[in-house]
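# Coordinate analysis (summary)
Below are the chains, spelled out letter by letter.
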Amino acid sequence: MKTKVFIILISLFSLFSYSQTKDNTSVAGIKKTLASFAKSLQTKNINTTVELIHPKYFTITPKDKMQQMLNFTYDNPYLKTDVTKFIIHRVENPEKIGNEYFSVTDYSIRMNLKIDWAQLPVAEEMKQQIRQSITKQFGDGNVQHVQKGDYYIINTKMKACAISADNKNWKLILLEKNQKPQLVKILPKKIVEKV
């Protein structure tokens, strides 16, 4: 009897250990994809950034439009954007919904944003509108204007959904509250509710 109990306990322990290893491997893969995404933004490798975005996203925002927006933000002589810090705060264990695995992640980015006002023919009123727009997008407490050097430090907390068909190769969709109406068209309701 003791032998049977011992064998059952060892079997359960082995099964539990295998399950944990599989989850840890998935989470490590998601973290690697997120780190590659951040690195591609830091190095301004927009093609790599776009390739890390899940194809579903391009049904609501065409791929070429996404590439244009990223080029405008990260590779623009009038708008210098530098990602200076990237931190992954949390990665959920993947959950299979339908034929795919989904994991919601929380991360933060710190970036410096400098606008070359001399190259832009804008009046002082337009400068103020741009400053207000930056603050509105990222939140008042997340934007700091540095007078010396005339640039902004932006700290923003974000969410992304990592998606995989095989629980190994991951692509991302950024989860932004203002995009919820579009996200419900491409993601399970259970995931969109976490935005």
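Scope of this entry: the structure provided in the associated data block.

## A short note on unusual backbone geometry
The residue Lys 44 is not glycine, and still its phi comes out positive at about 60°. Unlike most non-glycine residues, Asp 150 shows phi in positive territory, near 50°. Relative to the helices and strands, Asp 150 is located in the loop between strand S4 (143-146) and strand S5 (151-164).

## Description of the packing of aromatic side chains
Inspection of every chain in the model, using the stated rule, returns two aromatic pairs. Measuring from centroid to centroid gives 6.3 Å for Tyr 57 and Phe 58, while their planes differ by 75°, and the two rings are edge-to-face. With respect to burial, Tyr 57 and Phe 58 carry one shared label: buried. For the pair Phe 86 and Tyr 107, a centre-to-centre distance of 5.5 Å together with 45° between the ring planes defines the contact as tilted. Within this pair, whereas Phe 86 is found in strand S1 (residues 79-91), its partner Tyr 107 is found in strand S3 (residues 100-115), the two being separated by 21 residues in sequence. Given the relative accessible area of 1%, Tyr 107 is considered buried.

## Here's the deal with the nonpolar core
Ile 134, Ile 154, Leu 183 and Leu 187 are the most contacted members of the largest nonpolar core, which totals 47 residues. Ranked by residues supplied to this core, first place goes to S3 with eight residues. Those residues in contact with Ile 154, other than ones at most four positions away along the chain, are Ile 109, Arg 110, Met 111, Leu 113, Ile 134, Phe 138, Asn 142 and Val 143.

## Comments concerning the layout of surface pockets
To locate leftover empty space, one rolls a probe as large as a water molecule over the atoms. Considering only enclosed or pocket space, the largest pocket measures out at about 1500 Å³ in volume. Lining the largest pocket are 45 residues, with Thr 73, Gln 137, Phe 138, Met 158 and Glu 176 positioned closest to its centre. Elements that contribute at least two residues to the lining of the largest pocket include exactly helix H1 (2-42), helix H3 (63-74), S1, S3, helix H4 (124-138), S5 and strand S6 (171-175). The greatest single-element share of the lining of the largest pocket, amounting to seven residues, is contributed by H3. Across the lining of the largest pocket, the residue classes break down as 29 nonpolar, ten polar and six charged.

## A closer look at the environment of Glu 92
Within the secondary structure layout, Glu 92 lies in the loop between S1 and strand S2 (95-97). A C-alpha to C-alpha distance of 8.9 Å links Glu 92 and Asp 106, two positions 14 residues apart in sequence. Not counting chain neighbours up to four residues away, the residues in contact with Glu 92 comprise Val 27, Ser 103, Val 104 and Lys 194. Here the side chain of Glu 92 touches Lys 194 through a polar contact of 2.9 Å, side chain to side chain.

## Focus: the side chain of His 54
Position of His 54 among the secondary structure elements: in the loop between helix H2 (46-51) and H3. Apart from the residues within four sequence positions on either side, His 54 is in contact with Glu 100, Ile 163, Lys 171, Leu 172 and Ile 173.

What counts and how
- Just so you know, the residues in each chain are numbered from 1, in the order the chain's sequence is written.
- Only residues with pLDDT of 70 or above have their local features reported here, since the model is predicted, and side-chain atom pairs are shown and tallied only from 80 upward, although totals for entire chains, interfaces and linings are computed over all residues.
- For the side-chain quantities, the full set of heavy atoms in the structure was used; hydrogens and water were omitted.
- Strands are runs of DSSP state E lasting at least two residues, helices are runs of H or I lasting at least four, and both sets are numbered from the N terminus onward.
- Between rings of Phe, Tyr and Trp, where Trp is taken as its six-membered ring, a pair exists when centres lie within 6.5 Å; planes separated by under 30 degrees are stacked, by over 60 edge-to-face, and by other angles tilted.
- Using a 1.4 Å probe on the protein chains alone, a residue whose accessible area is under 20% of its type maximum counts as buried, one over 50% counts as exposed, and one in between counts as partly exposed.
- As used in this record, nonpolar core signifies buried Ala, Val, Leu, Ile, Met, Phe, Trp, Tyr and Cys residues forming a set joined through side-chain atoms within 4.5 Å.
- Contacts between residues were defined by any pair of non-hydrogen atoms, one from each residue, lying within 4.5 Å.
- Buriedness for pockets is judged along seven lines, at least five of which must meet protein on both sides within 12 Å for an open set on the 1 Å grid over protein atoms alone, while cavities are sets there where a 1.4 Å probe fits but cannot get out, and lining residues have an atom within 4 Å of a point.
- Grid points are joined across faces, edges and corners, and a volume is the space filled by probe spheres set on the points.
- For this scheme, ten residues count as nonpolar: Ala, Val, Leu, Ile, Met, Phe, Trp, Tyr, Cys and Pro. Four count as charged, namely Asp, Glu, Lys and Arg, and the remainder, Gly too, count as polar.
- Counting of polar contacts relies on pairs of N or O atoms within 3.5 Å, with two restrictions inside protein: one atom must be capable of donating a hydrogen and the other of accepting it, and residues adjacent in sequence are counted only when both atoms are side-chain atoms.

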